[in-house]
Amino acid sequence: MFLPAERKPRHLILIYGLLIAGLVFVAVPFTLMISTSVKPQQYTFEYPPRLIPREVTLRNYTQALSKDLFFLYFLNSLGVAVVTTACTLVVSSLLAYAFGRLDFPGKEALFYVLLMGMMIPPVMLIIPQFLISKLLGLLNSHAGLVVVYVTMNLSMQTFLLRGFFESIPGELEDAVRMDGGGRWTIFWHVVLPLSRPGLATATIFTFLYSWDEFPWAHVAIKETTRRTLPIAIALFQNQHLTQWGQVFAASIVALIPVVVVFALFQRHFIRGIAQSGLKG
Amino acid sequence: MAALTGEHTERAGQPSLPAQIRRARTAYLFLLPGFILFVVFVVYPMLYSLRISFYDWNIIKPAKSTWVGLDNYRTLLESPILHRAVLNTLVYATITVPGQMILALVVAILLDQNIRGKTFFRVAYYLPVITSWVIVTLIFEYLFNSQAGLINYLLRDVLHLVDEPIRWLADPILAMVPINLLGIWKGVGWSAVILLAALQEIPISLQEAAAVDGAGPWHRFRTITLPLLRPTLVYLLVVLVIGALNVYIPVLLMTDGGQPLDLTHSVLTLMVEETFDRLNFGGGAAISYLLMAFVFVISVVQIRLLRQRVEVQ
């Protein structure tokens, strides 16, 4: 908004002032979570509440992690999220390539059908998906989670990736074709490598979605050992209403993979969104 | 026919009919895996759900379900619990959507400035977005707890606004406060990133040219930035309203599924409870269809209205 040439010190103060004020609102809840997770249990409800713990202990972590199959839940979540992300990337890249770079009868109509998927909120489909999964024997299994997660991500990720694929110059394709390369060669060796920011953005969105997903996993998984983390954490809190230290210790561990994925891919992230059709 | 118009024949050595068919076949192969999933887990479920909504659905023996016509819908439309859930959900949308959009616009403009520490702020503001709904809901529950919650402490001992700690989650109206604040807090970063991406597409030369003509920052914001952001704002509005109408996790966890007295339900918590706790699949499907229809209508209306306004200008 302010051009570099006309920026005055008071502008800078205003900008930083607002950014830091906002940061306080973002940071306080997280700080409270972290500090509660390292407080001894008797200080969970200390009054006045303290953001900086007076005594630091890792007891909450050792207790939360050793209990209730936490490690298994973590692995369940990780497996489901990784497989979902990989499958989503493959399937939606294929779709996006067809919609972005190929001509075929019915292209427009099919694309609109797919976009419709972005307007349907996932939770609404839970009832019939539950009945169909029951029919296909997918209830209570991680495969059942993965197929639904992949499907619920298809519309948005295809839309996002199509924006990238369309922006790749046609001459590159022509060059490959002159060398005798077919569509698959172009897809694997030209289009995908050139769309890294798009794939990174899709990875972040899909991984976060499947790591975070609650409603479907809540309904589809009843077998204790197959639960994913969000379910496990919510149930744990429900059963141990005052054990906030342990709840937050588990939550922080559950946050680690998400932060790692985001840190790895965030460099591409804004660019990814800017280049895709996503911003409207 | 298109081949005769000359447009296509100009493009190097294309479409003999067999070649066209071959190309279309390749295209359909690319589409196949995605569309199988999409049909089995989205399109078919939508139709299936519609059918269920007209039945008193028998979950054990579907064949024994009885057709009840519009009874499920009728019962729902008369149910005070659903009315309350709809009201709560609409309030949530009315508060959180503008809240997120306005704050996100401010944040995006700030992050678009060429300042030191940009990346740090960007990542920091995005943290609530990448944190799972379950976790942020629990954090807010703890922040607002009535024993030693930080919010109650601030209100009572720092600001002296209340004498007694407020029991936020025990009151159906007060419970909306943490739920709505959470909705805004969690969502701002996402909208800000989308807006930031759009801001960065606006060529700086436009701003510079206007500055040369003597337009100040505020004037430039109104005449250049805002109009160019309009498509993005429309997109955000539509997506955020859909998201808000589907609020689920924070309501479920904070209010323990509609407590007290089923007065704090959102439409979806009610739907899931009706379906999977009371095993009324027909009623649940009917709720989902009512919501889906509403979401569809409201999205179309928003897109229409906002498009028109752009054209008028």
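The rules behind these values
Residue numbers restart at each chain and count upward from 1, following the sequence in its written direction. Here the convention is simple: chains get letters from A, ligands get numbers from 1, in the order in which they are written. Two thresholds apply to this predicted model, a pLDDT of at least 70 for residue-level local features and 80 or more for giving and counting side-chain atom pairs, whereas whole-chain, interface and lining totals are computed over all residues. Here a strand is any run of E in DSSP of at least two residues, a helix any run of H or I of at least four, and the numbering for each starts at the N terminus. In this treatment the radius of gyration is a C-alpha quantity, and the globule benchmark scales as 2.2 Å times the residue count to the 0.38 power. Between the buried cut of 20 or more and the exposed cut of 12 or fewer other C-beta atoms within 10 Å of a residue's own C-beta lies the partly exposed class, and all C-beta atoms are placed from the backbone. Distance between backbone-placed C-beta atoms decides contact: two residues are in contact if it is within 7 Å. Start and end positions for the domains come from either an automated domain assignment or a database one. Basically, the charged four are Asp, Glu, Lys and Arg, the nonpolar ten are Ala, Val, Leu, Ile, Met, Phe, Trp, Tyr, Cys and Pro, and anything else, Gly included, counts as polar. What a helix is expected to span follows from its residue count: subtract one and scale by 1.5 Å. Values of pLDDT, which run from 0 to 100, indicate the predictor's confidence residue by residue. Axis definition: a line fit to C-alpha positions, over the contact stretch in the case of helices; interaxial angles, taken between N-to-C directions, run 0 to 180 degrees. Should an angle lie under 35 degrees it is considered roughly parallel, over 145 roughly antiparallel, and from 65 to 115 roughly perpendicular; all remaining angles are considered oblique. Nonpolar core, as used here: buried Ala, Val, Leu, Ile, Met, Phe, Trp, Tyr and Cys residues forming one set through C-beta atoms within 7 Å. In this scheme, a crossing is called left-handed if the near helix is turned counterclockwise away from the far one by less than a right angle; it is called right-handed if the turn is clockwise.

## Considerations on the overall build of chain B
Each helix and strand counted, chain B has 12 helices and two strands in total. For chain B, the α and β elements follow one another from N to C terminus as α-β-β-α-α-α-α-α-α-α-α-α-α-α. Computed over the C-alpha atoms, the radius of gyration of chain B is 26 Å, more than 25% above the 20 Å expected from 2.2 N^0.38 for a compact globule of 313 residues. Considered along the principal axes of its C-alpha atoms, chain B spans approximately 80 × 70 × 35 Å. Going through the 313 residues of chain B one by one, you find that 40% of them count as buried. The long-range share in chain B, meaning contacts at least 24 apart out of those at least 6 apart in sequence, stands at 66%.

## Remarks on the overall build of chain A
For chain A, the count of helices and strands is 13 helices and zero strands. Mapped in sequence order, the helices and strands of chain A form the string α-α-α-α-α-α-α-α-α-α-α-α-α. Expressed along its principal axes, the backbone C-alpha trace of chain A runs to roughly 70 × 65 × 35 Å. Here chain A holds 280 residues, and the buried ones make up 46% of them. Here the contacts in chain A between residues at least 6 apart in sequence split such that 77% fall between residues at least 24 apart.

## Observations regarding the domain arrangement of chain B
Residue and element names in this part refer to chain B. In terms of domain boundaries, chain B breaks down into domain 1 (15-67) and domain 2 (73-312). Of note, the centres of domain 1 and domain 2, computed from C-alpha atoms alone, are 32 Å apart. The biggest single contributor to the side of domain 1 that touches domain 2 is helix H1 (residues 17-52), with three residues. Taken together, the residues of the side of domain 1 that touches domain 2 sort by class into five nonpolar, two polar and one charged.

## Quick notes on helix H9 (residues 196-212) of chain A
In this model H9(A) runs 24 Å from its N-terminal to its C-terminal C-alpha over 17 residues, within 8% of the 24 Å that 1.5 Å per residue would give. Summarising burial for H9(A): 14 of the 17 residues are buried, a large majority.

## Re the interface of chain A and chain B
With 76 residues of chain A at the interface, the matching set in chain B holds 81 residues. At 11 residues, helix H1 (residues 9-38) of chain A tops the list of elements feeding residues into the side of chain A that touches chain B. Its residues placed into classes, the side of chain A that touches chain B shows 60 nonpolar, 10 polar and six charged.

## A few points about unusual backbone geometry
Residues and elements named next belong to chain B. Residue His160 is not a glycine yet carries a positive backbone phi of 55°. Note on placement: His160 falls in the loop between helix H6 (150-158) and helix H7 (176-201). Phi is positive for Leu261, close to 55°, though the residue is something other than glycine. As for its placement among the helices and strands, Leu261 is situated in the loop between helix H10 (249-254) and helix H11 (267-277). Note on Leu261: 9 C-beta atoms within 10 Å, which makes it exposed.

## As for the confidence of the model for chain A
When pLDDT is averaged along chain A, the result is 87; 94% of the residues meet or exceed 70. Within chain A, the lowest mean pLDDT, 69, falls on helix H13 (residues 269-275) of chain A, and the highest, 94, falls on helix H3 (residues 70-101) of chain A.

## Considerations on the packing of helix H11 (residues 229-239) of chain A against helix H5 (residues 133-143) of chain B
Running from amino to carboxyl end, H11(A) crosses H5(B) at an angle of 25°, the nearest separation of the two axes being 9 Å. By the angle between their axes, H11(A) is roughly parallel relative to H5(B). Within the contact between the two elements, H11(A) uses Pro230(A), Ile233(A), Ala234(A) and Gln237(A) and H5(B) uses Val134(B), Ile135(B) and Leu138(B).

## Let's talk about the environment of Phe30(A)
Residues and elements named next belong to chain A. Take Phe30: it is sitting in helix H1. Exposure remark for Phe30: the 18 C-beta atoms within 10 Å place this residue in the partly exposed category. Measuring from C-alpha to C-alpha, the distance between Phe30 and Leu51 comes to 9.9 Å, with 21 residues separating the pair along the chain.

## Topic: the nonpolar core
The biggest cluster of nonpolar side chains holds 157 residues, and the ones touching the most others in it are Ile233(A), Ala108(B), Ala192(B) and Leu195(B). In contact with Leu195(B), other than residues within four places in its own chain, are Ala104(B), Leu105(B), Ala108(B), Leu229(B) and Thr232(B).

## Quick notes on the packing of helix H4 (residues 107-119) of chain A against helix H6 (residues 142-166) of chain A
Residue and element names in this part refer to chain A. Running from amino to carboxyl end, H4 crosses H6 at an angle of 115°, the nearest separation of the two axes being 7 Å. Of the two possible hands of crossing, H4 and H6 adopt the one that is left-handed. Here Leu114, Leu115, Gly117 and Met118 of H4 come into contact with H6, specifically with Leu154, Ser155, Met156, Thr158 and Phe159. In the contact of H4 with H6, the residues fall into six nonpolar, three polar and no charged.

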